[in-house]
Amino acid sequence: MDKTNAMRILDGLKAVYEVIEYDESVTDGVSVAALTGQPADGVFKTLVTQSAKGENIVFVIPVNKSLDMKKAAAAAGVKRVEMLDRNKLKDITGYVHGGCSPVGMKKRFRTFIDESARGRTVTLSGGKRGMQIKTDVNNIVSAVCATFAELTS
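Please read all numbers here as calculations on a predicted model, not as lab measurements.

S.K.: Even after reading the chapter, I still don't get the overall build of the chain, so can you show me in this structure?
M.R.: Each helix and strand in the chain was counted, giving five helices and eight strands. Helices (α) and strands (β) of the chain occur, in sequence order from the N terminus, as α-β-α-β-β-α-β-α-β-β-β-α-β. Taking 15 Å as the expected radius of gyration for a compact globule of 153 residues, we find that the chain reaches 14 Å, a close match to that expectation. Judged by the C-alpha coordinates and their principal axes, the chain covers about 40 × 30 × 30 Å. With 153 residues in all, the chain has 48% of them scored as buried. For the chain, long-range pairs separated by at least 24 residues make up 61% of all intrachain contacts whose partners lie at least 6 apart in sequence.

Structural data, given as structure tokens:
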């Protein structure tokens, strides 16, 4: 198995993680959770947004929840955020839709993780389709200097 940027960064932090591989044609998070035998509230998706001033901000939330845009903007201290156009995701982050990890993006963006992840083991994209990483959320916080916030409705 080839290591992704996310894995190399976690290795550099000496973080313990488990790699879970699955059929890469499955791209919706709830289906990925079911396919990998993980609880949907423990599998997290990475959402990249843009503020009104053009700043990219990353939010990590459970796959069975929706990002509350008002809570997200408040957490980031901006007027509003909107989802980044899917076609710009690879250019901005280096990752494709369905394989976007908060760890190992081209640049470090401000990152917020849903409060529900605090103190838990989480599963999230390993940096390519068909690959998840399961690790203590504090490893993700350390890797990207993330902040916990209330992000879902």
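S.K.: Honestly, the layout of surface pockets in this entry has me stumped. Any pointers?
M.R.: By rolling a water-sized probe across the atoms, one finds the places where empty space is left. Quantified by volume, the largest pocket comes out at close to 520 Å³. Together, 24 residues line the largest pocket, and K45, T46, L47, H97 and G98 are the ones closest to its centre. Of all the elements in the fold, those that place two or more residues in the lining of the largest pocket are α2 (29-36) and β2 (43-51). At six residues, β2 tops the list of elements feeding residues into the lining of the largest pocket. Partitioned by chemical class, the residues of the lining of the largest pocket number 12 nonpolar, eight polar and four charged.

S.K.: Explain the state of the cysteines here, please?
M.R.: By definition, a disulfide is the covalent link that joins the sulfur atoms of two cysteine residues. Overall, the coordinates contain zero disulfides when judged by the stated rule. C145 provides the cysteine sulfur closest to C100, a residue in no disulfide bond, and the two sulfurs are 17 Å apart. Its relative accessible area of 52% is what places C145 among the exposed residues.

S.K.: Even after reading the chapter, I still don't get helix α1 (residues 5-12), so can you show me in this structure?
M.R.: Structurally, the α-helix is built with 3.6 residues per turn, so residues lying three or four positions apart point the same way. Along α1, the residues classified as buried are A6, M7 and L10. Down the axis of α1, the buried side of the element spans an arc of 95°, and every buried residue falls inside it. Immediately downstream of α1, the backbone of K14 shows phi near 60°, a positive value.

S.K.: Would you take a moment to explain the pairing of strand β7 (residues 131-136) for this structure?
M.R.: Residues in a regular strand point their side chains to alternate faces of the sheet. Here strand β1 (residues 17-21) pairs with β7 via five bridges, running antiparallel. The residue bridging Y17 from the neighbouring strand is T135, located in β7. Here strand β6 (residues 121-128) runs beside β7; their pairing, made up of six bridges, is antiparallel. Residue pairing in the sheet places L124 in a bridge with I133 of β7. Between β6 and β7, which pair antiparallel one after the other, the connecting turn spans two residues, and G130 there sits at a positive phi close to 85°.

S.K.: Looking at this model, I keep getting lost on the pattern of salt bridges. Mind explaining?
M.R.: A side chain of one charge can pair with a side chain of the opposite charge when the charged atoms of the two come close. Within this structure, the stated rule accounts for five salt bridges. With a shortest N-O distance of 3.0 Å, E82 and R80 are connected by a salt bridge. The class for E82 is partly exposed, based on a relative accessible area of 42%. Among the residues examined, R80 registers a relative accessible area of 44% and is labelled partly exposed. Residues E115 and R118 are paired through a salt bridge, measuring 2.5 Å at the closest nitrogen-oxygen approach.

Criteria and thresholds
Starting from 1, residues in each chain are numbered consecutively following that chain's sequence as written. Per-residue local features of the predicted model are confined to residues with pLDDT of at least 70, and side-chain atom pairs are confined, for both listing and counting, to 80 or more; whole-chain, interface and lining totals are unaffected and use all residues. Processing note: side-chain calculations cover all non-hydrogen atoms of the structure and skip hydrogens and water entirely. Helical segments are the DSSP runs of H or I of at least four residues, strand segments are the runs of E of at least two, and each set is numbered from the N terminus. What the globule rule says is 2.2 Å times the number of residues to the power 0.38, and the radius of gyration is computed from C-alpha atoms. For the exposure calls, accessible area comes from a 1.4 Å probe over protein chains only, and a residue counts as buried if that area is under 20% of its type's maximum, exposed if over 50%, partly exposed in between. Contact definition: two residues touch when any of their heavy atoms are within 4.5 Å. The rule is simple: put a 1 Å grid over the protein atoms alone, call a set of points where a 1.4 Å probe fits but cannot get out a cavity, call an open set with protein on both sides within 12 Å along at least five of seven lines a pocket, and count a residue as lining if it has an atom within 4 Å of a point. Grid points are joined across faces, edges and corners, and a volume is the space filled by probe spheres set on the points. Residues are grouped as follows: Ala, Val, Leu, Ile, Met, Phe, Trp, Tyr, Cys and Pro are nonpolar; Asp, Glu, Lys and Arg are charged; every other residue, Gly included, is polar. Whenever a pair of cysteine sulfur atoms sits within 2.5 Å, that pair is classed as a disulfide. To be clear, the arc concerns the directions from the helix axis to the C-beta atoms. The pairing criterion for strands is at least two bridges between them, as found by DSSP. Note on definitions: salt bridges are taken to be side-chain nitrogens of Lys or Arg within 4 Å of carboxyl oxygens of Asp or Glu.

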